[in-house]
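In case you want the letters, here they are:
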Amino acid sequence: APETAFLTYSFYEKLLEANPDAKDEIRELTASLDRADKVYLHSQLEKLRALIRSLQIPEELFAEIQSRLPESARYICRLVTNAEDLTDFPGVGAAVYGSIEGIASDDSEALKSAILESYSSFWSFEAFADREMYGLSHDDVQSAMMIQAQIEGDYSAIVHTADPSRKDTDLM
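Because the structure is a prediction, the values reported are computed rather than measured. (Residues numbered from 1 in each chain as written. Predicted model: local features only at pLDDT ≥ 70, side-chain atom pairs only at ≥ 80, totals over all residues. Heavy atoms only, no water.)

**Some words on the overall build of the chain**
This is how the line gets drawn: Starting at the N terminus, helices and strands are each numbered in turn, a helix being any DSSP run of H or I of at least four residues and a strand any DSSP run of E of at least two. Exposure is judged per residue with a 1.4 Å probe applied to protein chains only, and the accessible area is read against the type maximum: over 50% gives exposed, under 20% gives buried, and values in between give partly exposed. Residue contacts follow a heavy-atom distance rule, with two residues in contact if any of their heavy atoms lie within 4.5 Å.
What the chain contains, in helices and strands, is six helices and four strands. Overall, the chain shows an N-to-C arrangement of helices and strands of β-α-α-α-α-β-β-α-α-β. Looking at the chain as a whole, 40% of its 172 residues qualify as buried. Long-range pairs, those at least 24 residues apart, make up 75% of the contacts in the chain with a sequence separation of at least 6.

Rendered as structure tokens:
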């Protein structure tokens, strides 16, 4: 397995603590999401995503991330959640959370941007709708991130061993 930096659930909280004005605005927006008006909901979610993309990653936190990664590689950032392996929630493979590939190891700004873009994908309309459809509380789902050296492969896939909607093991 390639060298990997894992940003735990608490890393996002540290990131918010370092950006108190944005943290307050993010909390207010998430508490007031209007599910009835889809057009307005899309704009609220995009505002959330823009706020997250605008966060400043403190240098000490960023230095810690960089210290865990190989110096000469291309990286991939992938957001993961604590809900992806739930029996009734096929989060893995649903392609609703951001994976940013091909980040050059010598481009700190690109890595910071990829981290924030991945975090913002938690509030994409697709991710939001997916959690809503399965009855998951957005407050209970926590996000973490995996940043690792990218491995170029010939093939890549995720396979469900049962139809996630019907729980039928004869369908995939």
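**Remarks on the packing of aromatic side chains**
The following threshold applies: Stacked, edge-to-face and tilted are the three classes for Phe, Tyr and Trp ring pairs, Trp counted by its six-membered ring, which pair at centre distances within 6.5 Å; planes under 30 degrees apart are stacked, over 60 edge-to-face, the rest tilted.
Tallied over the entire structure, the rule returns five aromatic pairs. Taken together, a centroid distance of 5.0 Å and an interplanar angle of 40° make the contact between Tyr12 and Tyr119 tilted. Taken together, the residues span a long stretch of sequence, with Tyr12 in helix H1 (residues 9–17) and Tyr119 in helix H5 (residues 108–120) at a distance of 107 residues. The pair formed by Tyr12 and Tyr119 is uniform in burial state, with each residue classed as buried. Cluster of aromatic residues (ring-pair linked, three or more members): Tyr97, Phe122, Trp123 and Phe128.

**Digging into the side chain of Arg49**
Relative to the elements of secondary structure, Arg49 occurs in helix H3 (residues 38–53). On the basis of relative accessible area, Arg49 is assigned to the buried category, the value being 15%. Contact partners of Arg49, with chain neighbours within four places excluded, come to Glu117, Ser120, Ser121, Trp123 and Ser124.

**Overview of the nonpolar core**
Considering soluble globular proteins, one finds that nonpolar side chains tend to be buried as a cluster. We count it as follows: In plain words, nonpolar cores are sets of buried Ala, Val, Leu, Ile, Met, Phe, Trp, Tyr and Cys residues tied together by side-chain atoms within 4.5 Å.
Grouped together as the largest cluster of nonpolar side chains are 41 residues, with contacts concentrated most on Ile65, Leu111, Ile115, Tyr119 and Ile147. Excluding anything up to four places from it in sequence, Ile65 contacts Ala5, Leu7, Phe11, Ile115 and Ile147.

**Describing the pairing of strand E2 (residues 74–81)**
The cut-off we apply is this: At least two bridges found by DSSP between two strands is the condition for calling them paired.
Looking at chain direction, E2 and strand E3 (residues 99–104) are connected through four bridges and run antiparallel. What sits directly across from Arg78, in E3, is Ser99. Here seven bridges tie E2 to strand E4 (residues 143–149), and the two strands are oriented antiparallel to one another. Its bridge partner being in E4, Cys77 is matched across the sheet by Ile147.

**Some words on the packing of H1 against helix H2 (residues 20–31)**
The condition that has to hold: In this analysis an axis means a line fitted to C-alpha atoms, helices contributing only their contacting stretch, and an angle means the value between N-to-C directions, from 0 to 180 degrees. Oblique is the label for any angle not covered by the other classes, which are roughly parallel (under 35 degrees), roughly antiparallel (over 145) and roughly perpendicular (65 to 115). The residue classification treats Ala, Val, Leu, Ile, Met, Phe, Trp, Tyr, Cys and Pro as nonpolar and Asp, Glu, Lys and Arg as charged. All others, Gly included, are polar.
Two numbers describe how H1 lies on H2: the axes approach to 6 Å, and their chain directions differ by 115°. Judged by the angle between their axes, H1 and H2 are roughly perpendicular. Together, Tyr12, Glu13, Leu16 and Glu17 of H1 and Pro20, Lys23, Ile26 and Arg27 of H2 make up the contact between the two elements. Here the contact of H1 with H2 is built from residues that sort into four nonpolar, no polar and four charged.

**Quick look at the layout of surface pockets**
Note the cut-off: Only protein atoms enter the 1 Å grid used here. Points where a 1.4 Å probe fits but cannot escape make up a cavity, open sets with protein on both sides within 12 Å along at least five of seven lines make up a pocket, and a residue lines them when an atom lies within 4 Å of a point. Grid points are joined across faces, edges and corners, and a volume is the space filled by probe spheres set on the points.
The computed volume of the second largest pocket comes to approximately 280 Å³. Together, 15 residues line the second largest pocket, and Tyr12, Arg27, Phe122, His138 and Val141 are the ones closest to its centre. The residue makeup of the lining of the second largest pocket, split by class, is eight nonpolar, four polar and three charged.

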